[in-house]
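Listed below, chain by chain, are the residues.
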Amino acid sequence: MASTSAAHSHLSEYEIWWRSHYNFLTEKGYKLRSRYSPDWVPSWTNANKADINCEDGIASPHYLVLDARRIQDGARVSLKRIDISRHPYEIEIGRYFSTHPLSSDPANHCVPIYDVLKVPAEDNTVIIVMPLLRDATDPYFDTVGEVVDCIHQLFEGLRFMHRHHVAHRDCMQLNILMDDSIFIDAWHASDQYMSEDYKRVARHRARTKSPPRYYYIDFGISRQYEASNTNPLEAPIFGGDKEVPEFNEDNFKPRNPFPTDVWYLGHAIQETFLDEYTGVEFLSGLVSDMMHSDPAQRPNMDEVFSRFQVIRQGFSNWKLRSRVAHDEERSVFDLLAHWTRRIQYVLRTIPPTHTSLS
């Protein structure tokens, strides 16, 4: 059997930090995967296997984020390590949206915070506990109705934040995730294509059949303002998306972050849908306006949401069931698979969308 020190030689520096807090997290009610246990012995030791083919051979891709199971009920959660000296508002804003009555509002698409853990011997470090979410773009979208459901939730969610005077300030593509409603198998948090036990590709249903809920994450640079402050001004902070036109024009001039949020979301939709799919052209006009180079010319989120409702009102059920094709799914086989699903949905009276006009 390999020694503990030999096992830990497989861990990166940031993984060693999580391993060193394994017992603390267990005491707080959260169990990390075996890879991060102080007693871990790699499963490929003395076995004819490569580490990349083993469940415990896969490192977390995010140095500040790790998955765990809540010991009380077995729920899968995400743990995020935060330096509160650098991100002093993340917990405050997260808790604001996680507290009743806002937490029970169906328009709230902010990731909930379940718990906040103060890390011992590190004055500025806390761990927030959230549901385990996954990439919102995988698997691919299949129908107009699935795209409509996603866009509806994203517009609804950002409008909700803005109505509560919170600017996200980094609502780019990677900060939009979804729950795992469509998955038959539990998936591996560090390799989302694979099952949790790493023995097969994680199986899933179509979004039409098991509609997911979409969430905004990462409030590290978000801000909340007084309702009376109708034109808050903030020095630009570049988030994950570096293409904001007003920041590139002058990255010192204070700006109202709410129109910038509109641009961020428009660009996320451009990258996710318009650049990758056919059949989503109905989004182009609205997204173009959201990405106007002049922030003063962009619609606010109330206007964006209202315009989108008008667009979707014009769609028949047949249109909502029509195919959207990703650039990598344009074979005859993919088309036949779509039609097979489409006929099944009609016969089983499964609705083409799961969000309502409002």
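Preceding this section is the structure that the text describes.
Residues numbered from 1 in each chain as written. Predicted model: local features only at pLDDT ≥ 70, side-chain atom pairs only at ≥ 80, totals over all residues. Heavy atoms only, no water.

## Here's the deal with unusual backbone geometry
Piece 1. Pro101 follows His100 through a cis peptide bond whose omega is 10°.
Piece 2. Across the junction of Asp138 and Pro139, the peptide omega takes the value 5°, indicating a cis bond.
Piece 3. Counting through the fold element by element, Pro139 comes out in the loop between strand E6 (134–135) and helix H5 (144–163).
Piece 4. Even without glycine at this site, Arg169 takes up a positive phi of about 75°.
Piece 5. Take Arg169: it is sitting in the loop between strand E7 (166–167) and strand E8 (176–178).
Piece 6. In the Ramachandran plot, Thr349 falls in the positive-phi region, its phi being about 55° despite a non-glycine side chain.
Piece 7. Along the chain, Thr349 falls in the segment after helix H11 (332–347). (Helix = DSSP H or I, 4+ residues; strand = E, 2+ residues; numbered from the N terminus.)

## What about the sheet that holds strand E2 (residues 65–70)?
Piece 1. The sheet built from five strands is open, its strands ordered E1-E2-E3-E5-E4 with antiparallel pairing. In the strand order of this sheet, the two ends are held by strand E1 (30–31) and strand E4 (115–118), each with one partner.
Piece 2. In this sheet, strand E5 (residues 125–131) lies alongside E4 in antiparallel orientation, the contact comprising four bridges. Within E5, the position partnered with Val116 by the bridge is Ile128. (Pairing = 2+ DSSP bridges.)

## Focus: the sheet that holds strand E11 (residues 214–216)
Strand pairing in a sheet relies on backbone hydrogen bonds, with the paired strands running either antiparallel or parallel.
Piece 1. Overall, antiparallel pairing links the three strands, which are arranged E6-E8-E11 in an open sheet. One side of each edge strand has no neighbouring strand; the edge strands of this open sheet are E6 and E11.
Piece 2. Against the sheet, H5 engages E8 and E11, with an angle of about 35° to E11. (Contact = heavy atoms within 4.5 Å. Axes fitted to C-alpha atoms, helices over the stretch in contact; angles between N-to-C directions.)

## A short note on helix H9 (residues 301–313)
Piece 1. Helix length check: H9, at 13 residues, gives a terminal C-alpha distance of 18 Å against a target of 18 Å (1.5 Å per residue), a fit within 8%.
Piece 2. The complete set of buried residues in H9 reads Met301, Val304, Phe305, Phe308, Gln309 and Arg312. Viewed end-on, H9 has its buried residues packed into an arc of 135°, placing them on one side of the element. In H9, those exposed residues whose orientation departs by more than 90 degrees from the buried face are Val310 and Gln313.
Piece 3. Looking at the buried side of H9, the elements it contacts are H5, helix H7 (257–274) and helix H8 (284–290).
Piece 4. Its side-chain oxygen 3.1 Å from the backbone nitrogen of Asp302, Asn300 forms the N-cap of H9. (Expected span 1.5 Å × (residues − 1). Buried < 20%, exposed > 50% of the residue type's maximum accessible area, 1.4 Å probe, protein only. Arc of directions from axis to C-beta. Polar contact = N/O pair within 3.5 Å; in protein donor to acceptor, adjacent residues only side chain to side chain.)

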